[in-house]
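# Survey of secondary and tertiary structure
In case you want the letters, here they are:
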Amino acid sequence: MGRYDLALIGFGGVNRALAELISQRGERLADELGFALRVVAITDLRAGSLVDTDGIDLAPLLAAEPGELSFADLPGGSAETRNENVIREVAADIVVEATFTNPGDGEPALSHVRWALEAGKHVCTTNKGPVAVAGRELKELAERHGVSFEFEGSVLSGTPVLRTARRMFGGLEITGVQGIMNGTSNYVLGRLEEGVELPEAIAQAQELGYAEADPTADIEGHDVQLKAVILANEVLGADLRREDVVCEGISQITPRDAQDALGKGLRWKLVGSATRQADGTVTARVAPVALPAHHPLAGISGPGNAVSFHTDLLGTVTVSGPGAGRTETAYALLSDIIAIHQRHHAHDDTTPVRRALKEAPRG
Ligand code: HSE
């Protein structure tokens, strides 16, 4: 049985939910996946840092109220965050990055990822910033150090969009991608169709926990803009930056517009898209689009998300599922860890199925 030692960078909702998954179903995961997970370091802007290379006891940390957690008085703990020191020095196999990111320069998450890869540690992150700002550089850095850089959660949380594109479409050509990739704006558009005014619809989205405290990035399309960059670069092999993606949000759409469209069999949706043009270049944009009822994205309601892949051999294939949420995003990290295992260690004969196959009598 193999084991991965994890350093959790950031202990807000997502990494806390990952710690809950490890603590609640660690044994079941080990049986199914053939490896155990152990947390050896945690850093957090508010709580400080905690290191125990024999494995941190997660139960008391998870029992504490999130806002009241402090590592300062625990053995191996400090009131200081010490991100660089922990990422570079602590003997962890995988650095799990889930901190705040500035969408403009990708920091501080971008530095966290660089430090970890330079130190020869695998990285998984849910942060859009480092992937959108420096995805190509980080993947090359990972290759040079013989480790993996995984980021499934940067688009549609744990709903497998990037991995579907990478693993399931061998031998065909993806010509374009279109998605509803922000739950808040999709929920708000649905409320506009019911005649609710924009400020009230946004307030409802905040009450339900979909919108950010400052919902500007949700409503003006900036959140989708980063996801469109990631899709263009990862799925269509482009090298776009945020400023290459024309972006228009939904703040100009009124309840009247939404209801008029419904009367004509159309639904306004905030669509992020990336398209390969005839000359081979890739363009991407974010804009409200009035979709006809038969469009695969037209039926995505409430805070739901979906991404459609346009392909030459299958036509359109659509993946739909949650685009946010603590546990849903933590699952993206778990799926990244599984991908790291499969790429680097699955040949180790450690899974029960592989062991059974190896031990089965032949002939
Ligand atoms: N606020 C975002 C949403 C969360 O509404 O989808 C995921 O980026």
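Note that the structure is predicted; figures quoted are calculated from it, not measured.

How each quantity is defined
Residues numbered from 1 in each chain as written. Predicted model: local features only at pLDDT ≥ 70, side-chain atom pairs only at ≥ 80, totals over all residues. Heavy atoms only, no water. Pairing = 2+ DSSP bridges. Helix = DSSP H or I, 4+ residues; strand = E, 2+ residues; numbered from the N terminus. Contact = heavy atoms within 4.5 Å. Axes fitted to C-alpha atoms, helices over the stretch in contact; angles between N-to-C directions. Parallel < 35°, antiparallel > 145°, perpendicular 65-115°, else oblique. Left-handed = near helix turned anticlockwise from the far one by under 90°.

This part takes up the sheet that holds strand E12 (residues 305-311). Taken together, 6 strands build an open sheet; the order of strands is E9-E11-E10-E8-E12-E13 and the sheet is mixed. Either end of the sheet is taken by a strand with one partner, and the two such strands are strand E9 (246-247) and strand E13 (315-321). Sheet analysis places strand E8 (residues 174-180) next to E12, joined by 6 bridges and oriented antiparallel. Paired with isoleucine 174 across the two strands is threonine 311, which belongs to E12. Packed on one face of the sheet, helix H7 (residues 183-193) meets E8, strand E10 (266-276) and E12 and runs near 150 degrees to E10.

For the rest of this paragraph, the subject is the sheet that holds strand E1 (residues 2-9). Across the sheet, which stays open at both edges, the 7 strands sit in the order E4-E3-E2-E1-E5-E6-E7 with mixed pairing between neighbours. Each having just a single partner strand, strand E4 (77-78) and strand E7 (149-150) make up the two edges of the open sheet. Note: strand E5 (residues 94-97) against strand E6 (residues 122-125), 4 bridges, orientation parallel. If you follow isoleucine 94 over to E6, its bridge partner there is histidine 122.

On to the packing of H7 against helix H8 (residues 198-207), then. At a minimum axis distance of 9 Å, the contact between H7 and H8 shows a crossing angle of 135 degrees. Regarding the angle of H7 to H8, the classification is oblique. Both H7 and H8 take part in a crossing whose hand is right-handed. Contact with H7, carried on its side by Thr184, Tyr187, Val188, Arg191 and Leu192, involves Leu198, Ala201, Ile202, Gln204 and Ala205 of H8 and no other residues of that element.

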